[in-house]
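These are the residues of each chain, in order.
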Amino acid sequence: MHPEVDAVAEYVRAENGFLITSHVNPDIDSIASQLAIASALSSLGKESVIVNEDPIPRWLEFLPGSEGLRCDLPAEAGIRVALVLDASDLDRLGWVGDVVRERALPIVNIDHHADNVSFGRLNLVQPHVSSTAEMLVGLISALGLEIGRERATCLYAGILGDTGSFRHPNTTSRVFRVVADLVDEGADPERVATGIYYSRSVGAVRLLGEMLRTFRESDDGRIGVLELTRGSFDSSGATMDESNGYATWALSTRGTEVGVLLRELENGRIRVSFRSTPEVDVGAIARSLGGGGHSTAAGCVLDGSLDEVRGLVLSRIRELEFV
Ligand code: AMP
Ligand code: MN
Ligand code: MN
């Protein structure tokens, strides 16, 4: 039905020894997609290993199969093919991307970022699809497998993550049809919601409080800005990945079109997360600052103090999107 999906399925069926990987600072979609495809490969009797630069955030450990994720390359693994998920560019993979390049591994690139540079031997890139997880529903079926409860749980979680719990503009009627099927396959929305939204650490809730206190709006109310300093991470005891869903708060006031969350990293650089309404393309803004992402959710990492970065980001938003 989809020739590109069938081509990937055929290639995967003929190969063995997969290095499954995804982008640094993994989000729900990247983790869930890797777990689902690893499980599918295992059902086909194939060997695979999941390797990422960064560890799985603790709050995603409820996903079935998550104990299989690793941050080092096993010496004994007979790796022949790289399966790269949810990454627009090999540079997004951190050191795992260097391994893929050095070994000249054939790459299967499966992604939904519009700015994907088609770096694979096979490129399955579907920017109109909500998430890599949603794409994998079709691929796993094309591999001749049932989705099954565990894979359905992962794929449901990935779609939930990348649609911002069915709030972002990528929440199409097709998404609801797909997740309805996943629930029929055994995904439990209540269990996934408990894992993602109701299993936070006390520190993460305190960090949220500190962050919300920093909220400010531009004079015209179109831009909302939030900040998290090193000090707020230290005093709350929360980790960077626990704040990964917090950027949407910057977009939460009436009339706000762009939300920005600035987070001070341990190395002193500033991680910038953009969220926007469909009228504003924050992907273009992030790209102009050396980052990337989707039109309504994007990010970059910049040098400078919080004040400097805030100034640069606000002026870039004005230049590119607002007159
Ligand atoms: P975040 O705000 O970090 O959750 O990122 C939102 C979206 O932007 C995700 O789809 C990321 O893949 C993408 N993104 C974030 N940071 C970067 C970056 N430095 N380079 C390219 N894409 C990014
Ligand atoms: Mn992602
Ligand atoms: Mn994604």
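Note: the structure precedes this text.
Residues numbered from 1 in each chain as written. Chains lettered and ligands numbered in written order. Predicted model: local features only at pLDDT ≥ 70, side-chain atom pairs only at ≥ 80, totals over all residues. Heavy atoms only, no water.

(A) Spotlight on the site of ligand 1. As a structural note, the neighbourhood of ligand 1 is formed by 13 residues, with R92, R271, S273, R275 and A298 the closest of them. Measuring from an oxygen atom of ligand 1, one finds a side-chain N or O atom of H113 at 3.2 Å. Taking S273, its side chain carries an N or O atom lying 2.7 Å from an oxygen atom of ligand 1. With the chains in place, 83% of the 470 Å² that ligand 1 exposes on its own is no longer accessible. Among the secondary structure elements, those contributing two or more residues to the shell around ligand 1 are β10 (270-276), β11 (292-293) and β12 (297-302). Across the shell around ligand 1, the residue classes tally to three nonpolar, seven polar and three charged. (Near = heavy atom within 4 Å. Polar contact = N/O pair within 3.5 Å; in protein donor to acceptor, adjacent residues only side chain to side chain. Areas by Shrake-Rupley, 256 points an atom, 1.4 Å probe, with all protein chains shown as cover. Helix = DSSP H or I, 4+ residues; strand = E, 2+ residues; numbered from the N terminus. Nonpolar A, V, L, I, M, F, W, Y, C, P; charged D, E, K, R; others polar.)

(B) Fine view of the coordination of the manganese ion (ligand 2). All of the protein donors around the manganese ion (ligand 2) are H23 (NE2), D27 (OD), D27 (OD) and D86 (OD); their distances to the metal are 2.1 to 2.7 Å. Assessed through its relative accessible area of 28%, D27 is described here as partly exposed. (Donors = N, O, S within 2.8 Å, 3.2 Å for Na, K, Ca; no water. Buried < 20%, exposed > 50% of the residue type's maximum accessible area, 1.4 Å probe, protein only.)

(C) Looking closely at the layout of surface pockets. Within this model, the second largest pocket holds a volume of roughly 370 Å³. Around the second largest pocket, the lining comprises 15 residues; the ones closest to its centre are H2, Q126, E134, M135 and G138. Listing elements by their share of the lining of the second largest pocket, those giving two or more residues are α1 (3-14), α4 (132-142) and α6 (173-184). The element that contributes the greatest number of residues to the lining of the second largest pocket is α4, accounting for six residues. Classifying every residue of the lining of the second largest pocket by side-chain character gives seven nonpolar, five polar and three charged. (1 Å grid on protein atoms, 1.4 Å probe; cavity = no way out; pocket = protein on both sides within 12 Å on 5 of 7 lines; lining within 4 Å. Points joined across faces, edges and corners; volume = space filled by probe spheres on them.)

(D) Up close: the coordination of the manganese ion (ligand 3). Bound to the manganese ion (ligand 3) are the protein donor atoms D29 (OD), D86 (OD), H112 (NE2) and D162 (OD), situated 2.1 to 2.2 Å from the metal. Donor residues for the manganese ion (ligand 3), ordered by position in the chain, follow D-x56-D-x25-H-x49-D.

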